[in-house]
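The residues making up each chain are set out below.
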Amino acid sequence: MRVLITGANGHLGRRLIARLAPAVQVTATVRSAEARRVLEQSGADVRIVELDYHDAHALAEAAADCDCAVHLVGILKETVKNRYVDAHERTTDVLVAAATATRLRRIIYLSILGSDPLSRNAALASKGRAERALLNGVPQAVVLRVPMVLGEDDHAARALSRKARGGTVFLLRGASLEQPIYAGDVVEAIVAAMKATGLERVAIDLAGPESLSREALVQRAAATIGRRVRCISLPLAPLLGVAWLAQHTMANPPITAAMLGVLDHDDCIDPAAAAAQLGIRLTSLDEMLRRCVRGDGHHAVHTRKGTSA
C-alpha cells in the first residue's frame with residue numbers, strides 16, 4: 001500500500017507516519033518550508049512534497065502512485081487570510097478531484113465530532129460540507145469524527161497539564177462535556193479505516209470511553225499528579241462578546257465565536273459500536289491522563305534526535 005498524508009507535519013500526522021513507515025510507503029504533503037523541515041528533522045522514511053493544497057495538478061501529481069489518502073488538513077480558528085471554506089471545503093474538493101484523476105480510491109478524513117452542514121457554528125458547518133463533498137465524491141470514503149485528542153506532549157495535553165498544575169484555573173463553561181480520545185487510538189482508527197473492507201461512504205463518530213464535565217476533567221488530571229485545583233467557570237456569553245469584538249478589529253484574533261462554539265460543544269456519545277466496527281480498543285481516561293499529563297507515556301513524536309515535539 002502507498003499512502004498520501006495531507007497535513008503530515010501536525011502531531012497526528014507525524015504520529016501516523018511513525019506508525020506506518022517504513023512498512024508502508026508514505027507520501028507526506030506539507031504547505032510550507034517550515035513544515036517540511038519539521039518532517040525532515042524527524043528522520044522519517046517518507047517522501048515529502050511541499051505544495052499548495054488548492055493546486056489540483058500538484059496534489060494529483062503527489063497522489064499519482066498512492067492507493068489511499070489520509071486528509072488531516074483543517075483549522076479551528078478562522079482568520080482573514082485563512083478561511084474555513086479554503087481550509088476545509090476547497091482542500092477536500094481538490095483531493096476528490098485528485099482521486100478522480102489517479103488510482104487513489106480510498107480517503108480517510110479526520111473531522112470534528114458535531115460537524116454538520118446545517119450547524120449554526122461556522123467551523124462545524126464547514127467541516128460538515130467538506131464531509132459531504134468527500135462522501136459524495138469518493139466511493140471508498142471514510143469520515144472519522146473525533147472530539148478533543150490527547151497525545152503525549154501535544155497542544156491539548158500541554159494545555160490540560162498546565163491547568164492541572166495550577167492553583168486556580170479559569171474554564172470556559174466548566175459544565176461543558178468533554179470526551180477526550182487518546183491520540184494513539186485515533187491513529188489506530190485511521191489505520192483500521194485504511195485497511196477495512198466494507199467501509200464505504202461512511203461517517204463514524206468516535207470518542208474516548210468516558211464523558212465528563214470540563215471541570216471534572218481538570219480535577220481528574222490534577223489528581224493524576226497528586227494535586228488539587230480550584231476551578232472557576234466562566235460563562236460563554238461574555239466571552240462571545242470579546243470574540244466578536246476581536247473578530248471585527250483584528251486580522252488574527254486570539255479567539256473567535258466559532259472557535260468558542262466548538263470548544264463549548266457537549267461531547268457525549270457511546271463509542272463502543274464505532275470501536276468494534278474499526279476493531280480497536282480504546283485507552284481508558286485514567287491511562288490517557290497518566291501518559292499525557294503525568295508523563296508515563298513512552299511514545300514521543302520526534303522533531304530531531306533526542307528531543308520531542
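As the structure is a computational prediction, the values presented were derived from the model and not from experiment.

1. Side note on the overall build of the protein chain
Counting its secondary structure elements, the protein chain contains 12 helices and 13 strands. Relative to the 2.2 N^0.38 estimate, which gives 19 Å for 309 residues, the radius of gyration of the protein chain is 19 Å and therefore close to what a compact globule would have. Dimensions of the protein chain, computed from the C-alpha atoms along their principal axes, are close to 55 × 45 × 40 Å. Scored against the burial criterion, the 309 residues of the protein chain give a buried share of 50%. In the protein chain, the proportion of contacts linking residues at least 24 apart, taken out of those at least 6 apart, comes to 74%. Positive and negative charge centroids in the protein chain, built from 38 and 32 side chains respectively, lie 4 Å apart.

2. Description of unusual backbone geometry
In this structure, Pro22 follows Ala21 across a cis peptide bond, with omega equal to 5 degrees. Tracing the sequence through the fold places Pro22 in the loop between helix H1 (11-20) and strand S2 (25-30). In the Ramachandran plot, Arg173 falls in the positive-phi region, its phi being about 40 degrees despite a non-glycine side chain. Residue placement: Arg173 occurs in the loop between strand S8 (168-172) and strand S9 (177-178). The class for Arg173 is partly exposed, based on a relative accessible area of 25%. The phi dihedral of Arg201 falls on the positive side, at around 50 degrees, and the residue is not glycine.

3. Re the packing of helix H4 (residues 84-101) against helix H5 (residues 122-137)
Across the interface, H4 lies against H5 with an axial gap of 9 Å and an inter-helix angle of 5 degrees. On the basis of the axis angle, H4 is roughly parallel to H5. Of H5, the residues touching H4 (which contributes Tyr84, Val85, His88, Glu89, Thr92, Asp93 and Val96) are Ala122, Ala123, Ser126, Lys127, Arg129, Ala130, Ala133, Leu134 and Gly137. Taken together, the residues of the contact of H4 with H5 break down into 8 nonpolar, 4 polar and 4 charged.

4. So, the nonpolar core
By size, the foremost hydrophobic cluster in this structure holds 44 residues, and its most contacted members are Ile5, Ile17, Leu20, Leu144, Ile190, Leu206 and Leu278. It is helix H7 (residues 183-195) that provides the largest number of residues to this core, a total of 9 residues. Dropping the residues within four chain positions of it, Leu278 is found in contact with Leu144, Ala189, Ala192, Ala193, Leu199, Ile204 and Leu206. Judged by nonpolar contacts, the second largest core, of 26 residues, contains Ala63, Cys66, Val96 and Leu134.

5. As for the packing of helix H9 (residues 236-249) against helix H10 (residues 257-264)
Running from N to C, H9 and H10 cross one another at 150 degrees; their axes reach a closest spacing of 8 Å. Taken as axis vectors, H9 and H10 run roughly antiparallel relative to one another. Residues Leu236, Leu239, Leu240, Ala243 and Gln247 of H9 form the contact with H10, whose own contacting residues are Ala257, Leu260 and Asp264. The residue makeup of the contact of H9 with H10, split by class, is 6 nonpolar, 1 polar and 1 charged.

6. Brief notes about the pairing of S2
In terms of burial, S2 is a largely internal element, 5 of the 6 residues being buried. Both strand S1 (residues 2-6) and S2 contribute to a ladder of 5 bridges, which runs parallel. By the bridge assignment for S2, Val3 is matched with Val26. This β-α-β element, S1 to H1 to S2, shows right-handed connectivity. Here 4 bridges tie S2 to strand S3 (residues 47-50), and the two strands are oriented parallel to one another. Across the sheet, Thr27 pairs through a bridge with Arg47, a residue of S3. What joins S2 to S3 is helix H2 (residues 33-42), and the crossover it makes is right-handed.

7. Notes on the side chain of Thr92
Looking at where Thr92 falls in the secondary structure, it is placed in helix H4. A relative accessible area of 1% places Thr92 in the buried class. Those residues within four positions of Thr92 in sequence are excluded, and the remaining contacts are His71, Tyr109, Ala130 and Leu134.

8. Things to note about the state of the cysteines
What the rule picks out here adds up to 0 disulfides. The thiol sulfur of Cys68 is not disulfide-bonded, and the nearest other cysteine sulfur, from Cys66, lies at 8.8 Å. Given a relative accessible area of 2%, Cys68 falls into the buried group. Free cysteine: Cys231, not disulfide-bonded; nearest cysteine sulfur from Cys292 at 19 Å. With relative accessibility at 15%, the residue Cys231 sits in the buried group.

9. As for the sheet that holds S3
The 7 strands are arranged S3-S2-S1-S4-S5-S6-S11 in an open sheet whose pairing can be described as parallel. One side of each edge strand has no neighbouring strand; the edge strands of this open sheet are S3 and strand S11 (202-205). Strand after strand, the sheet turns through a mean of 20 degrees between neighbouring axes, direction not considered.

Analysis parameters
Residues numbered from 1 in each chain as written. Predicted model: local features only at pLDDT ≥ 70, side-chain atom pairs only at ≥ 80, totals over all residues. Heavy atoms only, no water. Helix = DSSP H or I, 4+ residues; strand = E, 2+ residues; numbered from the N terminus. Rg over C-alpha atoms; globule rule 2.2 N^0.38 Å. Buried < 20%, exposed > 50% of the residue type's maximum accessible area, 1.4 Å probe, protein only. Contact = heavy atoms within 4.5 Å. Lys, Arg positive; Asp, Glu negative; His and termini not counted. Charge placed at Lys NZ, Arg CZ, Asp CG, Glu CD. Axes fitted to C-alpha atoms, helices over the stretch in contact; angles between N-to-C directions. Parallel < 35°, antiparallel > 145°, perpendicular 65-115°, else oblique. Nonpolar A, V, L, I, M, F, W, Y, C, P; charged D, E, K, R; others polar. Core = buried A, V, L, I, M, F, W, Y, C linked by side-chain atoms within 4.5 Å. Pairing = 2+ DSSP bridges. Right-handed = clockwise from strand over helix to strand, strands pointing away. Disulfide = S-S within 2.5 Å.

These figures capture arrangement, not role.
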